[in-house]
Every structure is written in structure tokens, then in C-alpha cells.
Amino acid sequence: MSVVKENAAMAALEFVESGMTLGLGSGSTAEIFIEALGDRVAGGMKIVAVPTSKRTAECAIEAGVPLAEPDKVDRINLTIDGADEVDPAFNLIKGGGACLLREKIIAHASDRMIVIVDGTKMVEMLGAFPLPIEVDPFGMALTAEQVFDALKTTGCEEAQTVLRQMKDGSGPLITDGGNYILDSKCRKIPNPADTALALSQIPGVMEHGLFIDLADVIVVGEADHARVIELARD
Ligand code: 5RP
């Protein structure tokens, strides 16, 4: 297990209080958090959690974290999730694990979002990590054209898009929601809010991996501690 990811996860755990309804993110850092949360639950902490992917649900069950269906909770107090990139304004790229649609549904419904990362995820400008875009398989090539235009017109340095494949080569990756993922190599996304808006207007785009104005706290794991950075929102 990565020590820096573990330090980020343990620091995020300090924000969790008994009685909370939590959103549980996806990815390797989120899974370390879920395991540690399971220990707290075993020690008597009373929480209930909504998972953002099938894989996260399996991890939570294994760790003994009680789960709730998203439609059975009326609010989510706090979501803890990982990210692929974080910029100085706390804008994120997410979706490296192909869970971005459900992650965004839960983050958007949460009172607060804490992002747990290692220092390599902190960037001056988003875009080196290919931007994941979840699209309906129907008319995917037409959607990809519109994605290209949206990226170019909002100033992205590049806009080359590839359809994400299964690791075993068996065909396109299918998300938990039954969609495809386009990965767009933008290199630089200088206007993330504009790009997010343009992508949201394309009917075939189910959701994109730009998380704008959603993260409240970034916890950066270091070798021997974690840095907690809080954004002061107006
Ligand atoms: C999944 C995600 C993950 O949070 C992101 O890919 C980071 O993963 P990891 O903690 O394994 O680096 O967005 O869709």
C-alpha cells in the first residue's frame, strides 16, 4: 500500500463524524480510505455510505462499511474521493477509473467534498492527464466530433480523442452506467469552466471528468504526513 495515499486517507478520516451520510469515491486512494473507515465502523462509528461504483460497493462491503442506495438518502454530508489532477482553484480531472458520472452525481449532491491525492496530482494547469468523457454508445463518432470542436473552441491545446478499451483487449470499456469513455489528450485546458460548459451542451455526452467548484478540501499525502488545504469560498 502506498504510504502517501494512506497518509491522505487517514487525514481525511478526521473529517468524518458519527451520524454522517458519506459519499464514497472510487480508485486506489478511495479504497485505502474505505478500508480505514471500516476500522472506525468496527470501533463503533455510526455512518452510512453511498458508493460511486460497483467496485467501491464491493470494497465497502468487504470492509464492513454500511451502504445505502442513493435513492434512499435525503442528503449526503460529505464525499471523499480521489482525483487524477487538481489545479490551484481546486478544479479537478476525474474519471481515470471510469466512474466519473456516478462520482459527479454524488459529489454534486454532497454538502462537502474532500479530495485525497498524492503530490503528483497537483498541477498548475489541468490537461496533461487525458480528460475522460463518458458518452452514450449511440452516435459515438458524431459525439466525438462535437467533443473535438468543444475542446478546440474553448482553447485546449490539443483535442485528440481515443475510445477507452478494456485492459484485456476484449473491446471498448463499458462503464457501470453502460456508456463508453472517450479520453481526450488536451495537454492544456486553460479555461476549464468554459470547456466544462461546452462539453455539457453536447447531447451524447453523459458527463465529463472536469469537476468545477465541487471540491472544498484537498488532502495531499506526503511521505510522513498529509497537507490539508481548504478553499475559502465566498
Ligand atoms: C475514478 C477516479 C479516481 O478517483 C481517480 O482516477 C484517482 O484514482 P487513484 O486514487 O487510483 O489515483 O476518478 O473514476
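As shown above, the structure is provided for reference.
Residues numbered from 1 in each chain as written. Predicted model: local features only at pLDDT ≥ 70, side-chain atom pairs only at ≥ 80, totals over all residues. Heavy atoms only, no water.

J.: Report on the side chain of asparagine 179, specifying residues and quantitative values.
T.: Secondary-structure assignment places asparagine 179 in the loop between β8 (160-163) and β9 (180-185). Apart from residues lying up to four places away in sequence, asparagine 179 is in contact with Leu101, Glu134, Val135, Asp136, Pro137, Leu173, Ile174 and Met206. (Helix = DSSP H or I, 4+ residues; strand = E, 2+ residues; numbered from the N terminus. Contact = heavy atoms within 4.5 Å.)

J.: Account for the sheet that holds strand β1 (residues 21-24), with residues named and values stated.
T.: The mixed open sheet is built from 6 strands, whose spatial order is β2-β1-β3-β6-β12-β13. Single-partner strands in this sheet number two, and they are β2 (48-51) and β13 (226-230). Going across the sheet, the axis of each strand differs from the next one's by a mean of 20°, ignoring polarity. As paired strands, β1 and strand β3 (residues 78-81) are joined by 3 bridges and run parallel to one another. Note on β3: the bridge partner recorded for leucine 22 is leucine 78. Running over the sheet, helix α1 (residues 3-13) touches β3, β6 (113-118), β12 (217-221) and β13 and is turned about 160° from β6. (Pairing = 2+ DSSP bridges. Axes fitted to C-alpha atoms, helices over the stretch in contact; angles between N-to-C directions.)

J.: Explain the packing of aromatic side chains residue by residue, including any values.
T.: The final tally for this structure, using the stated rule, is 0 aromatic pairs. Just above the ring of phenylalanine 211 sits the side chain of lysine 94; from NZ or CZ to the centre is 5.7 Å. (Phe/Tyr/Trp six-rings, centres within 6.5 Å; stacked < 30°, edge-to-face > 60°. Lys NZ or Arg CZ within 6 Å of the ring centre and 35° of its normal.)

J.: So what's going on with helix α6 (residues 192-200)? Residues and values would help.
T.: Note: α-helices contain 3.6 residues per turn, so residues at a spacing of three or four share the same orientation. Listing the buried residues of α6 in full gives Pro192, Thr195, Ala196, Ala198 and Leu199. Buried residues along α6 cover an arc of 165° about the axis, so they all sit on one side. Those residues of α6 that are buried lie in contact with β7 (131-135), α5 (140-153), β10 (205-208) and β11 (210-211). (Buried < 20%, exposed > 50% of the residue type's maximum accessible area, 1.4 Å probe, protein only. Arc of directions from axis to C-beta.)

J.: Would you mind going over unusual backbone geometry in detail, with residue names and values included?
T.: Its identity is not glycine, yet arginine 187 carries a phi of approximately 65°, on the positive side. By secondary structure assignment, the location of arginine 187 is in the loop between β9 and α6. Even without being a glycine, aspartate 213 presents a positive backbone phi close to 55°. For aspartate 213, the location among the structural elements is in the loop between β11 and β12. Under the relative-accessibility criterion, aspartate 213 is labelled exposed at 53%.

J.: Can you break down the site of the ligand residue by residue, with the values?
T.: Surveying the vicinity of the ligand reveals 16 residues, the closest of which are Ser28, Thr29, Asp84, Gly95 and Lys121. Contact distances for the ligand include 2.5 Å between an oxygen atom and a side-chain N or O atom of threonine 29. In the model, an oxygen atom of the ligand is placed 3.2 Å from a nitrogen or oxygen of the cysteine 99 main chain. For the ligand, whose free accessible area comes to 380 Å², the fraction covered by protein is 91%. When grouped by side-chain class, the residues that make up the shell around the ligand number 3 nonpolar, 8 polar and 5 charged. (Near = heavy atom within 4 Å. Polar contact = N/O pair within 3.5 Å; in protein donor to acceptor, adjacent residues only side chain to side chain. Areas by Shrake-Rupley, 256 points an atom, 1.4 Å probe, with all protein chains shown as cover. Nonpolar A, V, L, I, M, F, W, Y, C, P; charged D, E, K, R; others polar.)

J.: Describe the side chain of threonine 175, listing the residues and the values that go with them.
T.: Note that threonine 175 resides in the loop between β8 and β9. Judged by relative accessible area, threonine 175 falls into the buried class, the value being 7%. Look past the residues within four positions of threonine 175 in its chain and what remains in contact with it is Ala98, Glu134, Tyr180 and Ile181.

J.: I'd like a rundown of the packing of α5 against α6, residues and numbers included.
T.: Two numbers describe how α5 lies on α6: the axes approach to 9 Å, and their chain directions differ by 155°. By the angle class used here, α5 and α6 are roughly antiparallel. For the pair α5 and α6, the crossing hand works out as right-handed. When α5 is examined against α6, the residues Val147, Ala150 and Leu151 are found in contact with a partner set consisting of Thr195, Ala198 and Leu199. Looking at the contact of α5 with α6 residue by residue, the class counts come to 5 nonpolar, 1 polar and no charged. (Parallel < 35°, antiparallel > 145°, perpendicular 65-115°, else oblique. Left-handed = near helix turned anticlockwise from the far one by under 90°.)

Taken by themselves, the reported measurements are silent on function.
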